[in-house]
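Spelled out from the first residue to the last, the chains are:
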Amino acid sequence: MNIIIKLLPIILIIVIFYLLIYNLYPQYKELINLTKKLNELQNKEKEINALEKLIQSLSQNPNIQQLITNKETLNLWLPQKPEIEVLLAYLVGIYQINNLTFKGTDFKLIEEPKIYNSTVLPVKIISYNLEAKLNNTNLISFIEALEKNTRLMVIKKADIDSKGEARFEVESYYLSEK
Amino acid sequence: MENWRNLIPWGLVAPFLIIILIEYGLSFGINFYNQRLNQQISELEAKIKQKEETTKGGLETNEAFKVFSQVVNIVEILKNRKSLSFIINKFNQLMPKFLMIKEFHYDADRQEIKITAMVSNWQDYLRFHKYVSSLQVLEIKEMTSPKLEENNLINFSMVFLLKPGFYQ
């Protein structure tokens, strides 16, 4: 009995540390994690609320209403669907006005959306290669025709040699639904 | 029994017991708070999921948001686009007349131009190298060693990084 009583403070210290390490500390860690998760969710809720407000204000904005009435123009620049046939028609036209023969191209629809601005719907990329035999007079005119085309075209890569063989990697875009 | 009670050094043991009690109290409090947090999280998750579904559905069908997205994306694409015709013209203006460019490669993502070129003699090569090294709007990223070919022309290739000043 005497030994137990003498060891009592040590036993109590062990109990204190046991409770601290195996009971209090894990609960404290869980508390921190839960608080973090709750904060993240609250932030997400705020973002959704802001988006809802944006949609509401857009629906009432007279400038946006005017754009909606003229959306055909916007659809020429950046359509809501891939509209490959329209793109093809533009390319045929560009080749024709530069006295070149369009031999066709493969249009690659890239699934991964490209985000230019996170608050709006992203765009999807249509990538294609163009080849042409160009000379000093029609090189710039061909490139300008691509760059000034109504349907947005961005030249990502260009390979031009002194014999006039030119190859361009071009991107056009359409609005992603998601 | 009385003897046993008298044997315990209460003065020493009491603080330990108080600490253990406090620990239990804290543990109980944290556990209760965690349960509340868990409940709040579940409720909020359900609420967000519901809002996301309605907003997502709204976004996909909302014409105003689509039109607004089109406008913002058009502006961003045009803002980020570097005109190749401008780049070619500017590059031509910068390059000396004695340089004969065999191949020209442009990469918009890397903002770089690679050329395979020739000059007629070593003096021209040294002049060219000194000149392009001093340019503020281009930076030499890579270059191959110049070689005198059978046609008596010095062939080499260089990769230039386009600095922001190049577009001004």
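Let me sum up the structure you'll find in this document. Please read all numbers here as calculations on a predicted model, not as lab measurements.

Here is what the cut-offs are and how they apply
- Residues numbered from 1 in each chain as written.
- Chains lettered and ligands numbered in written order.
- Predicted model: local features only at pLDDT ≥ 70, side-chain atom pairs only at ≥ 80, totals over all residues.
- Heavy atoms only, no water.
- Contact = heavy atoms within 4.5 Å.
- Buried area = accessible area lost by both parts, 1.4 Å probe.
- Salt bridge = Lys/Arg side-chain N within 4 Å of Asp/Glu carboxyl O.
- 1 Å grid on protein atoms, 1.4 Å probe; cavity = no way out; pocket = protein on both sides within 12 Å on 5 of 7 lines; lining within 4 Å.
- Points joined across faces, edges and corners; volume = space filled by probe spheres on them.
- Helix = DSSP H or I, 4+ residues; strand = E, 2+ residues; numbered from the N terminus.
- Nonpolar A, V, L, I, M, F, W, Y, C, P; charged D, E, K, R; others polar.
- Patch = residues over 30% accessible without salt bridge, like charges linked within 9 Å, V, L, I, M, F, W, Y side chains within 5 Å.
- Areas by Shrake-Rupley, 256 points an atom, 1.4 Å probe, with all protein chains shown as cover.
- Buried < 20%, exposed > 50% of the residue type's maximum accessible area, 1.4 Å probe, protein only.

**A word on the interface of chain B and chain A**
Of the residues lining the interface, 64 residues belong to chain B; the matching set on chain A comes to 70 residues. Counting the surface lost from both chain B and chain A, the interface buries some 6400 Å², and carbon and sulfur atoms represent 70% of this. If you sort the residues of chain B by the area they bury against chain A, B:Q70, B:I77 and B:R81 come out on top, with a joint share of 10%. For the interface between chain B and chain A, the tally reads seven salt bridges. Measuring nitrogen to oxygen at the nearest pair gives 3.1 Å for the salt bridge that ties B:E63 to A:K71.

**Points about the layout of surface pockets**
If you add up the space inside the largest pocket, you get close to 540 Å³. As for the largest pocket, its lining consists of 21 residues, of which A:N136, A:L139, B:I88, B:N92 and B:I101 are closest to the centre. Those elements that provide at least two residues to the lining of the largest pocket are α5 (136–147) and β3 (154–161) of chain A together with α4 (84–94) and β1 (100–107) of chain B. Among the residues forming the lining of the largest pocket, the class breakdown is eleven nonpolar, six polar and four charged.

**Examining a nonpolar patch on the surface**
All names here are of chain A. Taken together, the side chains of I3, L7, I10, I11, I14 and V15 define a hydrophobic patch exposed on the protein surface, amounting to about 540 Å² of accessible area. Inspection of the secondary structure assignment puts L7 in helix α1 (residues 2–60). Judged by its relative accessible area of 40%, L7 falls in the partly exposed class.

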